[in-house]
Each structure stands twice: as C-alpha cells, then as structure tokens.
Amino acid sequence: MKKFIVLAAAVLLPLMTWAQAQIDTKKMKISDFTSKVTKVVLTGNPIHDAYLKKAVSSKWNVSPFEFCTLSEYESLKSNDSYYFLLTTKGQFKKEAEPGLTFLSLVKGGGDASKGLDQMLEVVSFPFASVEDPSGREYVFLPSFIDIIQKYTLDSMENDFDGYTGLPNYTMNISRSGNMTLVFSEADLAADVNPSVRNACFDEDVLVLEEEDAEEYLSPEKSNTLVSYVAVPSEGKPGSFCYKMLIDPQDNTLYYFRKHKITKKFGPGFLAEDIRRITAPRKK
C-alpha cells in the first residue's frame, strides 16, 4: 500500500503542477475582464480626452466602463476589481526619450504601486507620435478601440492569441487577395519606389493623399483595407515604426508589423511589407 501511495503521488504531482501552471496563464488572469469595470483614464488634455470619450462611448461594448481622472486612477490602480485603459508613453532601449504614445489596457493589482510596468498588461496599441501627433490618430481612434476589445476577447479564449500579440492578426492578409488596398502616400517608406510599385500594385491598390485616404475609413466601404502608421515624429534610428492595415467595415486588423528605424530603413511600409501584403493578389 505504501508503495502505491508513493507511486500515486509521483504521478499526481506533475499533474497538480501542470494544473497550477494553467491557472497562472494570461488567459486565466484576464478571465474576469468582461465582468469587471474598465476605468478609462483621462489625461487632462481636453482635445485628446474629448476624442477618447466619444470613441469609447460609441464603441466600448465588452465590459462596463467609467471615465476617471489620473488622480482617481492613482487611488484605484492597486484594486484588482478594475481594468484601466490609459494613454501611455513608450520608450525603447536606444531612444533618448519616449517617441510614441500607446493605448494600454492593464489590470489593477497590488503590484501597481511598483509602477505601470509591474501591472498585468492586456495589450498596448501604438497610437501616435509623442512630440508631434498628426491628428490622423483621432480619425482611426474608433477602429483602435474595436481592435483592443477584439484582441482582449480573443486572448480570453486562447492563450496563443494572448502571448503572440497583435502581430498574430497579420495572418488575415492571406484573405485580402481581392480587396481594395488604400495607402496614404505618407505611409509608404522611401524604398517603395516606382519599380516596387509597378511590380506589386494593381488597379485595386490606391495610393492617395492623407485626406483622400481617410475618406475610405468608413463602415460603408466594404472589401477595403486602409493603412495607418505610428512612428515618432523624428523617426530617428533606434526608434520603431508600426504599420497596420484595417478593414473599416468591421475594424478587423489585417496587418500589423513593426521594424526598427535605421539609416537604411526609414519610417513607413517598407518594400518588404508591400511584397508580403500584395503576395495573395491575383496577377
């Protein structure tokens, strides 16, 4: 009997350890998201806050939400009864100062007193340049809110989505072969030269001025993808550039990649991106 107990313990211990590991996954940690209040933290910047309020009020539908001030956030951030949607600044290793703002969804908890980077991050979405935002980010803001919600729900269902992050949605580009692609001219890097354009673009790939491209960001535009790039205004080597394509009809993310800016590779969609994006298209 004693031998059996020892054997049973040897078999059960790995299973118990495995079960405990499952409890600690991101999927399990955010399993209460839809039942908890999300506090949308206002910045004190009246223009930004007005657009954020409007976008959240019209789009947020996956959990209860309330707006709060920065001081209220400070008093509540250690409470795991809340999630927080904040406007944050991101600084990469080789950057002298933060270059991009992000929309970050985090969960409250005891470690919050140690700093934002110690809180459980659900997702951080690249939003705009810190120093010189173009204003275009506010045109896309309702789409960003939808993408953040969809990503969070997907992460609740599957740990793969939770840990691979937003780049996982780039797999959707394989379904874009018959879609119209709309690029703002300013979103294309210098290496997307006439040779690349002639080789990759067809009659359903439109390269337009910024204002004209934004007209396609409407739910009425079906079978269409619109470009957006988030990059520091200086675009110096060492910073990162985020590139995405969004379906304006349902705000599905079809492409999401980043690259480090170097002397060779500047901001915007690179020729490599264009080849990836246009590969599914029929010639």
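To be clear, the structure that these remarks concern was listed above.
Residues numbered from 1 in each chain as written. Predicted model: local features only at pLDDT ≥ 70, side-chain atom pairs only at ≥ 80, totals over all residues. Heavy atoms only, no water.

1. Some points on the pairing of strand β4 (residues 100-107)
Regular strands place their side chains on alternate faces of the sheet.
Line of reasoning, step 1. The buried fraction of β4 is high, at eight of eight residues.
Line of reasoning, step 2. Side chains Leu100, Phe102, Ser104 and Val106 project from β4 onto one buried face, and the interleaved Thr101, Leu103, Leu105 and Lys107 project onto a second face that is buried too.
Line of reasoning, step 3. Two elements, strand β3 (residues 82-90) and β4, share eight bridges in a ladder whose sense is antiparallel. Bridge pairing links Tyr83 to Lys107 in β4.
Line of reasoning, step 4. Inspection of the sheet shows β4 paired to strand β5 (residues 120-129) by eight bridges, in the antiparallel sense. Paired with Leu103 across the strands is Phe125, a residue of β5. (Buried < 20%, exposed > 50% of the residue type's maximum accessible area, 1.4 Å probe, protein only. Helix = DSSP H or I, 4+ residues; strand = E, 2+ residues; numbered from the N terminus. Pairing = 2+ DSSP bridges.)

2. As for the packing of aromatic side chains
Line of reasoning, step 1. With the rule as written, the count across this model stands at 19 aromatic pairs.
Line of reasoning, step 2. For the pair Phe140 and Tyr228, a centre-to-centre distance of 4.8 Å together with 45 degrees between the ring planes defines the contact as tilted. Here Phe140, found in helix α5 (residues 136-157), pairs with Tyr228, found in strand β8 (residues 224-230); they are 88 residues apart in sequence, far enough to count as distant. The exposure classification of Phe140 matches that of Tyr228, with both residues buried.
Line of reasoning, step 3. When the centroid spacing of 5.3 Å and the interplanar angle of 85 degrees are considered together, the rings of Phe183 and Phe269 count as edge-to-face. (Phe/Tyr/Trp six-rings, centres within 6.5 Å; stacked < 30°, edge-to-face > 60°.)

3. Some details on the nonpolar core
Line of reasoning, step 1. In this structure, Phe144, Leu166 and Met244 are the most contacted members of the largest nonpolar core, which totals 43 residues.
Line of reasoning, step 2. Only α3 (46-59), β3, β4, β5, α5, β8, β9 (240-247) and β10 (252-260) provide two or more residues apiece to this core.
Line of reasoning, step 3. Not counting chain neighbours up to four residues away, the residues in contact with Phe144 comprise Leu103, Phe125, Phe127, Glu137, Tyr228, Met244 and Ile246.
Line of reasoning, step 4. Phe183, Val192, Ile261 and Ala271 belong to the second-largest nonpolar core, a separate cluster that totals 22 residues. (Core = buried A, V, L, I, M, F, W, Y, C linked by side-chain atoms within 4.5 Å. Contact = heavy atoms within 4.5 Å.)

4. Description of the sheet that holds strand β6 (residues 180-184)
Line of reasoning, step 1. In spatial order, the strands read β7-β6-β8-β9-β10; together these five strands make up an open sheet with mixed pairing. With partners counted over all chains shown, the strands left at the sheet margins are β7 (205-208) and β10, one partner each. If you compare each strand with its neighbour and ignore which way they point, the axes differ by 20 degrees on average.
Line of reasoning, step 2. Here β9 runs beside β10; their pairing, made up of eight bridges, is antiparallel. Of the residues in β10, the one forming a bridge with Lys243 is Arg257.
Line of reasoning, step 3. In this fold helix α9 (residues 271-278) packs onto β6, β9 and β10, with an angle of close to 155 degrees to the strand it touches most, β10. (Axes fitted to C-alpha atoms, helices over the stretch in contact; angles between N-to-C directions.)

5. Focus on the sheet that holds β3
Line of reasoning, step 1. Taken together, five strands build an open sheet; the order of strands is β2-β1-β3-β4-β5 and the sheet is mixed. Both edges of this open sheet fall to β2 (65-68) and β5, since each of them pairs with a single strand only. If you compare each strand with its neighbour and ignore which way they point, the axes differ by 25 degrees on average.
Line of reasoning, step 2. Examined bridge by bridge, strand β1 (residues 37-41) and β3 share four bridges and lie parallel to one another. Bridging from a neighbouring strand, Val40 pairs with Leu85 of β3.
Line of reasoning, step 3. Lying on the sheet, α5 is in contact with β3, β4 and β5; it crosses β5 at an angle near 165 degrees.

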